[in-house]
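Tertiary structure, described
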Amino acid sequence: MPWEQLSDDQLEIRDLVRTIARERIAPRAAEIDASHEFPWDVVELFREHGIFGLLFDERHGGTGTGTLLALVAIEEVSKVCATSGLILAVQELGSLAVKLAGSEEQQARFLPKLASGESLAAYALTEAGSGSDSAAMRTTARRGDDEYVLDGSKRFITNASVASVYTVFAKTDPEAGHPGISAFVVEADTPGFEVARLEPKMGISGSTTGELLFDDARIPAANLLGDEGEGFKIAMRVLDRSRPGVAAQGLGIAQGATDYALEYARTRETMGKPIAEHQLVAAKLADMETACEAARGLLYRFGRMVDEGASEAELTKASAMAKLYCTDTAMWVTTEAVQVLGGYGYIKEYPVERMMRDAKITQIYEGTNEIQRLVIAREMLKESRAFLLAGVG
Ligand SMILES: Cc1cc2nc3c(=O)[nH]c(=O)nc-3n(C[C@H](O)[C@H](O)[C@H](O)COP(=O)(O)OP(=O)(O)OC[C@H]3O[C@@H](n4cnc5c(N)ncnc54)[C@H](O)[C@@H]3O)c2cc1C
């Protein structure tokens, strides 16, 4: 038996997800990419097999199997289809604010439908003028009697038009920076809320990315998450836990591309032998595999940290490192995979072309990799290591 990082129970679930991904999703991946249509059939498949439940606790209708296994599921699906892997990652992203900051009543109202997949979720932080600098947001939430009135817009929101529950960040105090931001749940049928347009994109073509408009959109005061002014903290706590979902997507894409390039290199012959036996190609395969395994080490470590109760402060750096390394690996490895296939790598008949386009976004969303580097360095500067240098000449 090969040595495995996962327990027998975890392997059983991983293998179930792997089988579904290979047998049911892989044959659809090229079509999803070409059609640019959201794959509702994949959502249905996840619903039927209880895959959304992997992201939720038992008390909310989930499996309670933990973060590591949720990341493994995203990795397995992303190996064959990054758009489908993203459906799971964004279900987590869009649900996390309710999990982390929602009251019992809010959790009971929203989480069971998200755990079954009856509802899909979205997370709306970015605006046209505020991406990396989220405190510069302009969307406002004015308090009324029993309601908040939202005005403004959000840009680049994944699952726009397919989600029924949106976590939205808006300023309850427009003059303040971070402390002026609050978090809300906005339901898709809220009057005054609409999805204005969907963006055509380089990759993850089946995923919707849209602009949200709020024009006097009235939501119940009961949909405020946490207290007024806590929104920025909630947004960052969510990202600490959700970024590894993007890391898992990146790792899945990278491993999928490595596996494909390996099989291709085994059978494609030049100069009388399989290209895998040419040392320059063999070295590429070795470097691709090593990068994937190193990335997996960071990702699974994060999953174990959450499952074993690590403090939130510790998660920030571990999450940013996993996101940074897994997604830089995705971009680099998929570019190498295209190279291993030569001209065939560049044409759409072969999946590494799609994988390379899909990989790019993982370096950008949920905080660009420049921002991840800033976060990691900031956390490092909080650490005191002087004692490690004692006596070093
Ligand atoms: C397909 C897609 C899906 C997305 N899904 C979502 C979603 O579901 N929810 C959501 O809220 N957002 C989403 N986003 C938005 C995404 O998170 C932002 O695009 C991203 O955070 C970068 O913000 P920006 O595009 O405004 O770039 P900017 O912030 O304008 O950055 C431009 C460049 O400058 C760099 N930069 C900026 N500030 C610094 C700095 N201080 N130091 C060094 N470099 C810096 C950046 O790294 C980047 O290279 C999505 C975006 C895309 C394209």
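Residues numbered from 1 in each chain as written. Predicted model: local features only at pLDDT ≥ 70, side-chain atom pairs only at ≥ 80, totals over all residues. Heavy atoms only, no water.

**Side note on the pairing of strand E1 (residues 121-124)**
Regular strands place their side chains on alternate faces of the sheet. Residues Ala121 and Tyr123 line one face of E1 and the alternating positions Ala122 and Ala124 line the opposite face, and both faces are buried. Across four bridges, the pairing between E1 and strand E4 (residues 165-171) is parallel. Considered in E4, the bridge of Ala124 is made with Val168. (Buried < 20%, exposed > 50% of the residue type's maximum accessible area, 1.4 Å probe, protein only. Helix = DSSP H or I, 4+ residues; strand = E, 2+ residues; numbered from the N terminus. Pairing = 2+ DSSP bridges.)

**Concerning the site of the ligand**
The immediate surroundings of the ligand are formed by 19 residues, with Thr126, Ser132, Phe156, Thr368 and Glu370 found nearest. Within the backbone of Leu125, one N or O atom sits 2.9 Å away from an oxygen atom of the ligand. Within the backbone of Phe156, one N or O atom sits 2.8 Å away from a nitrogen atom of the ligand. Taking 970 Å² as the accessible area of the ligand by itself, protein coverage stands at 65%. Of all the cavities here, the one that holds the ligand is the largest pocket. Those elements that place two or more of their residues in the shell around the ligand are E1, strand E3 (147-158) and helix H10 (369-382). Its residues placed into classes, the shell around the ligand shows ten nonpolar, six polar and three charged. (Near = heavy atom within 4 Å. Polar contact = N/O pair within 3.5 Å; in protein donor to acceptor, adjacent residues only side chain to side chain. Areas by Shrake-Rupley, 256 points an atom, 1.4 Å probe, with all protein chains shown as cover. 1 Å grid on protein atoms, 1.4 Å probe; cavity = no way out; pocket = protein on both sides within 12 Å on 5 of 7 lines; lining within 4 Å. Sits in = over half its atoms within 2 Å of the grid points. Nonpolar A, V, L, I, M, F, W, Y, C, P; charged D, E, K, R; others polar.)

**Quick look at the domain arrangement of the protein**
For the protein, the domain assignment lists domain 1 (8-116), domain 2 (121-229) and domain 3 (232-384). Inter-centroid distance (C-alpha atoms) of domain 1 to domain 2 is 23 Å. Contacts between the two partners involve 23 residues from domain 1 and, on the opposite side, 20 residues from domain 2. Taken together, the connections running from domain 1 to domain 2 amount to zero salt bridges. Counting the contacts that link domain 1 with domain 2 gives ten residue pairs in polar contact (both at pLDDT 80 or more). The element best represented in the side of domain 1 that touches domain 2 is helix H4 (residues 82-101), accounting for eleven residues. Along the lines of polarity and charge, the residues of the side of domain 1 that touches domain 2 split into 13 nonpolar, seven polar and three charged. (Domains from an automatic or database assignment. Contact = heavy atoms within 4.5 Å. Salt bridge = Lys/Arg side-chain N within 4 Å of Asp/Glu carboxyl O.)

**Some thoughts on the pattern of salt bridges**
A complete count under the given rule lists 32 salt bridges for this structure. With a closest N to O distance of 3.0 Å, Arg197 and Glu211 form a salt bridge. Here Arg197, found in strand E6 (residues 193-198), pairs with Glu211, found in strand E7 (residues 209-220); they are 14 residues apart in sequence, far enough to count as distant. Take Arg197: its relative accessible area is 38%, and that puts it in the partly exposed class. A relative accessible area of 17% means that Glu211 is categorised as buried. With a closest N to O distance of 2.5 Å, Glu383 and Arg385 form a salt bridge. Residue Glu383 is classed as partly exposed on the basis of its relative accessible area, which comes to 33%. Through salt bridges with shared partners, a single ionic network connects Arg142, Glu147, Asp151, Asp216 and Arg218.

**A look at the packing of aromatic side chains**
The geometry of an aromatic ring pair is captured by two quantities: the separation of the ring centres and the angle between the planes. If you walk through the whole model with that rule in mind, you get eight aromatic pairs. When the ring of Tyr123 is compared with that of Phe169, the centres are 5.2 Å apart and the planes differ by 65°; the resulting orientation is edge-to-face. Highlighted residues: Tyr123 in strand E1 and Phe169 in strand E4, separated in sequence by 46 residues. For Phe169, a relative accessible area of 0% puts it in the buried group. Ring centres of Tyr344 and Tyr350 lie 5.6 Å apart, and the angle between their planes is 70°; on these two criteria the pair is classed as edge-to-face. You can call Tyr350 buried: its relative accessible area is 18%. Members of the aromatic cluster, connected to one another through ring pairs, are Tyr166, Phe193 and Phe214. One Lys or Arg, Lys99, reaches over the ring of Phe56 and ends 4.4 Å from the middle of that ring. (Phe/Tyr/Trp six-rings, centres within 6.5 Å; stacked < 30°, edge-to-face > 60°. Lys NZ or Arg CZ within 6 Å of the ring centre and 35° of its normal.)

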